[in-house]
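Coordinate analysis (summary)
The primary structure of each chain is shown beneath.
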Amino acid sequence: LAKTTQPISMDSYEGQEVNITCSHNNIATNDYITWYQQFPSQGPRFIIQGYKTKVTNEVASLFIPADRKSSTLSLPRVSLSDTAVYYCLVGDFSGGYNKLIFGAGTRLAVHP
Amino acid sequence: DAGITQSPRHKVTETGTPVTLRCHQTENHRYMYWYRQDPGHGLRLIHYSYGVKDTDKGEVSDGYSVSRSKTEDFLLTLESATSSQTSVYFCAIGPVTYEQYFGPGTRLTVT
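These numbers come from a predicted model, not from an experiment.

Observations regarding the overall build of chain B
- Secondary structure assignment for chain B yields 0 helices and 11 strands.
- Walking chain B from its N terminus toward its C terminus, one meets helices and strands in the order β-β-β-β-β-β-β-β-β-β-β.
- For chain B, the spread of C-alpha atoms along the principal axes amounts to about 35 × 25 × 25 Å.
- Here the contacts in chain B between residues at least 6 apart in sequence split such that 54% fall between residues at least 24 apart.
- Element-wise, carbon and sulfur atoms account for 47% of the exposed surface of chain B, whose accessible area totals about 5,100 Å².
- Taking the average place of the 11 positive charges on the side chains of chain B and the average place of its 12 negative ones, the gap between the two points comes to 3 Å.

Spelled out as structure tokens, the structure:
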């Protein structure tokens, strides 16, 4: 699985847009980019997945440039409840089993 | 959440005793997983299942065994618990490997 690098922590304020960038320089052709969110004392929650360009759902947007060596998770107008750890995972999940490897993630703190 | 429960939610046991954790799903998902989460190590995969009676090891499987005799249940057994197995254990389910839904977790303390 491609190794990922993301900031250890970020701070934001309510109502702001938050962008968390993940670097994955050795991403392979068949790899997809997946993001999870984990609140304290809970298991991670699947947020979004993408391969290229832009993906949007009701929770977040995922921006992937043409070279796919990085990706940005965008959270619009964050609230205090968005305080969590965000994990970026990259891997080929197109066929057969491929395990998720959760790194340290990015600890986002949203302040009033 | 996602029709997945874990039992027990909390357990304290003594070193050397066997422990079984249960994961139950109502979603009929093919894949089921057991992870442990420890400070400084993040989430690590213990075992996973890709179907009834089909299981395989993850990255930290030593000291653990699993069984899946029905689609809805995935059991994790610590044959002889050790203090190093004190952790929070998460079960996850999913229709595909990249999309996993996690249970509420089981906090296990081995004294």
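Some points on the nonpolar core
- Within the largest apolar cluster, 20 residues are counted, with the highest numbers of intra-cluster contacts made by A:Ile33, A:Trp35, A:Ile47, A:Leu73, A:Leu75 and A:Tyr86.
- Secondary-structure elements contributing two or more residues to this core are strand 2 (18–23), strand 3 (32–38), strand 4 (45–50), strand 6 (61–64), strand 7 (70–75), strand 8 (84–91) and strand 9 (106–111) of chain A.
- Ranked by the residues each element gives to this core, the list is headed by strand 8 of chain A, at 4 residues.
- Non-local contacts of A:Ile47, meaning those with residues more than four positions away in its chain, are made with A:Trp35, A:Tyr36, A:Gln37, A:Asn57, A:Val59, A:Ala60, A:Leu73 and A:Tyr86.
- In this structure, B:Ile4, B:Leu21, B:Leu78 and B:Ala81 belong to the second largest nonpolar core, which totals 18 residues.

Brief notes about the interface of chain B and chain A
- Taken residue by residue, the interface counts 16 residues in chain B and 17 residues in chain A.
- Of all residues in chain B, the largest losses of buried area upon contact with chain A belong to B:Leu43, B:Thr97 and B:Tyr98, amounting jointly to 38% of the total for that side.
- Counting the contacts that link chain B with chain A gives 0 salt bridges.
- Run the count over chain B and chain A and you get 2 residue pairs in polar contact (both at pLDDT 80 or more).
- Among the secondary structure elements, those contributing two or more residues to the side of chain B that touches chain A are strand 4 (31–38), strand 5 (42–51) and strand 10 (99–102) of chain B.
- Tallying contributions element by element places strand 4 of chain B first for the side of chain B that touches chain A, with 4 residues.
- A class-by-class count of the residues in the side of chain B that touches chain A yields 10 nonpolar, 4 polar and 2 charged.

Conventions and cut-offs
Residues numbered from 1 in each chain as written. Chains lettered and ligands numbered in written order. Predicted model: local features only at pLDDT ≥ 70, side-chain atom pairs only at ≥ 80, totals over all residues. Heavy atoms only, no water. Helix = DSSP H or I, 4+ residues; strand = E, 2+ residues; numbered from the N terminus. Contact = heavy atoms within 4.5 Å. Areas by Shrake-Rupley, 256 points an atom, 1.4 Å probe, with all protein chains shown as cover. Lys, Arg positive; Asp, Glu negative; His and termini not counted. Charge placed at Lys NZ, Arg CZ, Asp CG, Glu CD. Core = buried A, V, L, I, M, F, W, Y, C linked by side-chain atoms within 4.5 Å. Buried < 20%, exposed > 50% of the residue type's maximum accessible area, 1.4 Å probe, protein only. Buried area = accessible area lost by both parts, 1.4 Å probe. Salt bridge = Lys/Arg side-chain N within 4 Å of Asp/Glu carboxyl O. Polar contact = N/O pair within 3.5 Å; in protein donor to acceptor, adjacent residues only side chain to side chain. Nonpolar A, V, L, I, M, F, W, Y, C, P; charged D, E, K, R; others polar.

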